[in-house]
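Chain and residue survey
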Amino acid sequence: MKRWFILLGVLLLTLPARAEQVLTMGVFSYREKPLMLQMYQPLADYLSEQLTDTRVQLLVLSQDEMEQQLNRNNLDLVFTNPSHYLLLRSQNALTGVLATKISRERDIATSALGGVIVARRDRDDMQALDSLRAHRVAIPGYRFLGGFQTQAFELQEAEISLRDLKLSVVGGHDKVIEAVITGQADAGFVRTGILEGLPAEERTRLKVINAQHLPGFPFAVSTRLYPEWPFLALPKVSPLHIRRIASALMALEHAHPAARAAKIEGFAPPGDYLPVENLARQLRQPPFDREPAPSLLAMWRFYGPWLVFVSVLLLLLSLSLMALVGKHLQVRQSRQAYRDQSRKLEEVIWGTGIGVWEWQVTSDTIVCSDQCADPAGYQRGWPDGADSSRLRAVFYPGDLSRLQQAAQRVLNAEHEQIELELRMRHGRGGVAWVLLKGRVASRSAAGQVLRMSGTLQDITQRRAQQETIAGNEERLRTIVSFLPMGIVLTDHKGRVVQCNSAVEHLLHTAPGHRLDEVYERRGWRVLRPDGSDMPKSEFASHRALKEHRPVHNVVMELSTDTGVRWLNVSATPLGHANYSLVVSFTDITAERRADLELRLAASVFGYSREAIMITNEDDLILDVNEAFTRITGHERDEVLGQSAGKLISDRHSESFHSEMWRALAGHGYWQGEVWSRRKNGERYAQMLSVSRVQDEGGRSQHFVSMFSDITPLLDQQEKLERIAHYDVLTGLPNRLLLADRLQQAMANCRRRGGAVGLVFLDLDGFKAVNDLHGHDAGDELLRQLARRMQGCLRENDTLARQGGDEFVAVLAGMNSPDDGTEALQRLLVAAGEPVQLDDGVVQVSASLGMAVYPRDGVDADQLMRRADLAMYAAKQEGRNRWQRFADLQQSQLEYELGDV
């Protein structure tokens, strides 16, 4: 018995252990095989762990290798692209799709893929699908869905034949990228996700052609989207294993090492691969590259609806023919009615006295009614037609040229109609004015004008009336304009409708201004004769409107920025539907000042802080005060009997002196700024007032000149203006002056065409220089960099300091929106060169963003925001570079906006 147990034990030991089951998973190698093994081996290990008693073996295969392995029955699981899946499904028995891959990019998951068409960013000739014609295009292979078929379908939809492209099969997506970057190919086809997986340096050298901005899709894409890769099982795999594998794929999380290695989010339930099948059918890709054998059922399926349609059409044509016979009688009756209506229309046209014309463009024949000849005194028009050369005898050469230009614009499709006032040669001599109107009556199928028609109306009498009215208005306007008294006409809202030159000189106002705000707008004070402030209620215009009567001789004193002026104001209400008041202003400053100067001359002359000079009618100096000696340096005895004109600087022209003497002769007073010379030859500015002193007969006896030295005031004003418009640290224009320069450049662009570039520049590493070397070193760095960058721009360009380490450049007069590359490169180099400081040499770089008017923005604020956005994009891409706003992709634009 014991021996039997020993024998049984030996037999059990000699029995082979249960063999481990192995499932072979074939993965399509769309990239280099070592990289694919590294990506998908963790997924095979993950499935082995989930199956516990079964090991999943990974094979990375090309499409041909995968088909060979399937033919040999060596594969159990397949992971490939959708187009390859269709081919495998037509050649092998498959259980169907277990799951669809989910990709992940920028925290966005997607179970769709598409194709990308890439080219080098510096290839300006590669912009759209049409630019691919006659260029070399690298593809991974003809059976790649995302690497060829999706792009081929988009080209077919755009009516671009693949025969127009020079296709080059390079064998993988990575090789396509390499061929494009190295210049071996002008463009390349890759699947979505490849571009985002490249290093940033390579990615920035590429651009996407025919970019599609699809909401929620995280990858750059040039085509429509299709389902991602399917995961398949062959029928020989047990249902238990299929359920476990499907469950494991659905349970795979993004954080799992297998998902991270494969760069995927996980797997989703099987997608709808019908769009992929439709694409393959349209492109006649395998397995739909063969025509099925014809059959009666197939012919009925394709041509049956057409046969039904033709039968119905023949029936309808028969019914229509019967209806046409019935309509024939109605047409005959309608023709007679039409002839009656035409006769009545001719009678109406004759009654209006307006001529009608027609121009047959193709035969250059003009037909005119008799009424067209009436304005020129002729009896008949051209009812039988005439060519356009006959018009030379009818119209004046200048007017005929205008008519020909207007007709040419219509023929060029720039306008649809003509309306001109022209002069005709009258048969009895003289000129007849006519209003010619016309429009396009018919065009050919290609859009060419075939016929134009219109009217000709005699407007000679109307033109004569208009010229008479215009002449009367001009004469009245001339009389009012040269009146020495200021005249203002206002509307019911108090706005100036019309004013003469005297008012413009007195009050510096113009049509459109509110009369009661003229003084406040210029900061003038209005005083009563006693020197107290005069309220608006006492103004002549206010009193006339309030009291509904004319108000005369309201005397007011104006304290202006150039001195004091006295006015005698009268106002008369009109009661007109459009106009409210007529206000007159008489300048009585000369009379008031002459009286005041005579009374105060004795006390003012000796103690005044202003220089006083008295001259006779021959401009010879009779007397001066001590302030004159202090300001000019000339002693009293030196200037007595000398000409006062010799003291004025030669900076003023003869017209300036003539204007001064005209003012003195006309108004008895002149005031303004003049430049003079001191005794030592130094120039200085005066605020000069000259008054004419008259005797009782109104004859000029003397001229009294008072002036003060305003040179320090002008110097201070110049300093304040510079502080207001320039940066204190760098001397560059500040925000205020930058805005003005940008508006000027945009206005020139609108008038002359071209483009304006706005460059936003931010220094990289400036804070580190400030922290390490101190703020004084940082200020010196900003000054040196500002001089460098300003030196590398053109004279008509502007470099401004925005604040801190931010600068803005305005590139004016660009020929096109794509110009400015050289200026951007010069700014980048200037900002990146080393700078010598007291503490040593420092070096920073710059990030530049550029927006172009009018392509990237319609106003200054929008242009500034978009240039700033492009600058932030340059910083995100690694700094020390520049970026155009127009080159930003939608996804990148949304990303940058989120960071901002």
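Refer to the preceding data block for the structure.
Here we summarise the structure given alongside this text.

1. Concerning the overall build of the protein chain
A count of helical and extended segments in the protein chain gives 27 helices and 38 strands. Of the contacts formed within the protein chain by residues at least 6 apart in sequence, a portion of 59% connects residues at least 24 apart. Surface summary for the protein chain: the accessible area is close to 49800 Å², and the carbon and sulfur share equals 52%.

2. Quick notes on a nonpolar patch on the surface
On the surface, a cluster of nonpolar side chains totalling about 620 Å² of accessible area is made up of Trp-306, Phe-309, Val-310, Leu-313, Leu-314 and Leu-317. By secondary structure assignment, the location of Phe-309 is in helix α11 (residues 296–352).

3. Looking at helix α25 (residues 821–832)
With 12 residues, α25 extends 17 Å between its outermost C-alpha atoms, agreeing within 8% with the 16 Å of an ideal straight helix rising 1.5 Å per residue. Among all positions of α25, only Ala-823, Leu-824, Leu-827, Leu-828, Ala-830, Ala-831 and Gly-832 are buried. Contact partners of the buried residues in α25: β32 (755–764), α24 (775–791), β34 (806–814), β37 (845–853) and β38 (881–884).

4. Re the pattern of salt bridges
Taken as a whole and assessed by the stated rule, the structure comprises 38 salt bridges. Ionic pairing is found between Arg-402 and Asp-399, a salt bridge with its closest N-O pair at 3.5 Å. Residue Arg-402 and its partner Asp-399 are located together in helix α12 (residues 397–411), separated by 3 residues, close to a single helical turn. The exposure class assigned to Arg-402 is partly exposed, which follows from its relative accessible area of 35%. We note a salt bridge from Arg-855 to Asp-818, for which the minimum N-O separation is 3.1 Å. In this pair, Arg-855 is assigned in the loop between β37 and α26 (860–876) and Asp-818 in the loop between β34 and α25, connecting sequence segments 37 residues apart. A relative accessible area of 36% means that Arg-855 is categorised as partly exposed.

5. Structural notes on the sheet that holds strand β19 (residues 431–443)
Read across the open sheet, the 6 strands follow the order β17-β16-β15-β20-β19-β18; overall the sheet is antiparallel. Both outer strands of the open sheet, β17 (386–387) and β18 (417–425), are each paired with one neighbouring strand and no more. In terms of strand pairing, strand β15 (residues 355–360) meets strand β20 (residues 449–458) through 6 bridges, oriented antiparallel. Counterpart to Glu-358 in the pairing with β20 is Ser-453. Its contacts with the sheet put α12 on β15, β18, β19 and β20, and the angle it makes with β18 is roughly 160 degrees.

6. Some points on the nonpolar core
One finds Leu-132 and Phe-231 to be the most contacted residues of the largest nonpolar core, which totals 88 residues. Residue contributions to this core peak at 8 residues, all from helix α2 (residues 33–51). Ignoring sequence-local partners within four residues, the contact set of Phe-231 consists of Met-25, Leu-47, Leu-77, Val-78, Phe-79, Gly-96, Val-97, Leu-98, Ala-99, Ile-245, Leu-249 and Phe-267. The next biggest cluster of nonpolar side chains, apart from the first, holds 34 residues, and it includes Leu-782, Ala-823, Val-842 and Met-850.

7. Section: the packing of aromatic side chains
Evaluation of the coordinates by the stated rule reveals 12 aromatic pairs. An aromatic cluster is built from Phe-28, Tyr-30, Tyr-40, Phe-79, Phe-144, Trp-229, Phe-231 and Phe-267, whose rings are joined through pairwise contacts. Lying over the aromatic face of Trp-229, Lys-101 brings its terminal NZ or CZ to 5.0 Å of the ring centre. Across from the ring centre of Tyr-396, 4.7 Å away, lies the NZ or CZ of Arg-425, which sits over that ring.

8. Observations regarding the pairing of strand β28 (residues 621–624)
One face of the sheet, then the other: side chains in a regular strand alternate in exactly this way. In this sheet, β28 lies alongside strand β27 (residues 611–615) in antiparallel orientation, the contact comprising 3 bridges. Looking at the pairing, Met-613 lines up with Val-624 of β28. What sits between β27 and β28 in their antiparallel hairpin is a turn of 5 residues, with Asp-619 showing a positive phi close to 65 degrees.

9. What about α12?
The terminal C-alpha atoms of α12, which comprises 15 residues, lie 21 Å apart, in line with the 21 Å expected from a rise of 1.5 Å per residue. Among all positions of α12, only Asp-399, Leu-400, Leu-403, Ala-406, Ala-407 and Val-410 are buried. Buried residues of α12, seen end-on, are gathered within an arc of 125 degrees and therefore sit on one face of the element. Count one or two residues on from α12 and you reach Ala-413, which has phi positive near 65 degrees.

10. Quick notes on a negative patch on the surface
Residues Glu-32, Glu-178, Glu-201 and Glu-202 make up a contiguous surface patch of negative charge. Within the secondary structure, Glu-202 is located in helix α7 (residues 200–203).

11. Focus on the sheet that holds strand β8 (residues 136–139)
Read from one edge of the open sheet, 5 strands run β9-β8-β10-β7-β11, paired in mixed fashion. Since the sheet does not close on itself, it has two edges, and those belong to β9 (166–169) and β11 (206–209), each with one partner. The sheet shows a mean angle of 35 degrees between the axes of neighbouring strands, direction not considered. Pairing analysis gives 4 bridges linking strand β7 (residues 115–120) to strand β10 (residues 187–191), with the strands arranged antiparallel.

12. Topic: the side chain of Ser-705
The topology assignment puts Ser-705 in strand β31 (residues 700–709). Using a relative accessible area of 6% as the deciding quantity, one classes Ser-705 as buried. Ser-705 has contacts with Ala-611, Ile-612, Met-613, Leu-688, Ser-689 and Val-690, leaving out every residue within four places of it along the chain.

13. Thoughts on unusual backbone geometry
The step from Tyr-853 to Pro-854 runs through a cis peptide bond, and the omega angle for that step is 5 degrees. Summarising the element assignment, Pro-854 is placed in the loop between β37 and α26. Positive phi outside glycine occurs at Asn-210, with the angle close to 60 degrees. Here Asn-210 lies in the loop between β11 and β12 (226–227).

14. Re the environment of Ala-179
If you trace the backbone, Ala-179 turns up in helix α6 (residues 173–182). A relative accessible area of 4% means that Ala-179 is categorised as buried. Residues Ala-179 and Val-137 lie 42 residues apart in sequence; the distance between their C-alpha atoms is 9.2 Å. Beyond its immediate stretch of four places on either side in the chain, Ala-179 contacts Ala-138, Gln-184 and Ala-185.

15. Concerning the packing of helix α3 (residues 63–71) against helix α4 (residues 82–91)
Taken N-terminus to C-terminus, the directions of α3 and α4 make an angle of 25 degrees; their axes are 12 Å apart at the nearest point. Considered as vectors, α3 and α4 are oriented roughly parallel to each other. Crossing angle aside, the handedness with which α3 passes α4 is right-handed. On α4, the residues that touch Gln-63, Met-66, Glu-67 and Leu-70 of α3 are His-84, Leu-87, Leu-88 and Gln-91. Broken down by class, the residue content of the contact of α3 with α4 amounts to 4 nonpolar, 3 polar and 1 charged.

16. Some thoughts on the environment of Thr-455
Here Thr-455 is to be found in strand β20. Of the residues examined, Thr-455 reaches a relative accessible area of 29% and is grouped as partly exposed. The spacing of Thr-455 and Gly-355 is 100 residues in sequence and 5.4 Å in space, taken between C-alpha atoms. Beyond its immediate chain neighbours, meaning those up to four positions away, Thr-455 contacts Ile-354, Gly-355, Val-356, Trp-357, Leu-435, Leu-436 and Lys-437.

Rules used throughout
Residues numbered from 1 in each chain as written. Predicted model: local features only at pLDDT ≥ 70, side-chain atom pairs only at ≥ 80, totals over all residues. Heavy atoms only, no water. Helix = DSSP H or I, 4+ residues; strand = E, 2+ residues; numbered from the N terminus. Contact = heavy atoms within 4.5 Å. Areas by Shrake-Rupley, 256 points an atom, 1.4 Å probe, with all protein chains shown as cover. Patch = residues over 30% accessible without salt bridge, like charges linked within 9 Å, V, L, I, M, F, W, Y side chains within 5 Å. Salt bridge = Lys/Arg side-chain N within 4 Å of Asp/Glu carboxyl O. Expected span 1.5 Å × (residues − 1). Buried < 20%, exposed > 50% of the residue type's maximum accessible area, 1.4 Å probe, protein only. Pairing = 2+ DSSP bridges. Axes fitted to C-alpha atoms, helices over the stretch in contact; angles between N-to-C directions. Core = buried A, V, L, I, M, F, W, Y, C linked by side-chain atoms within 4.5 Å. Phe/Tyr/Trp six-rings, centres within 6.5 Å; stacked < 30°, edge-to-face > 60°. Lys NZ or Arg CZ within 6 Å of the ring centre and 35° of its normal. Arc of directions from axis to C-beta. Lys, Arg positive; Asp, Glu negative; His and termini not counted. Charge placed at Lys NZ, Arg CZ, Asp CG, Glu CD. Parallel < 35°, antiparallel > 145°, perpendicular 65-115°, else oblique. Left-handed = near helix turned anticlockwise from the far one by under 90°. Nonpolar A, V, L, I, M, F, W, Y, C, P; charged D, E, K, R; others polar.

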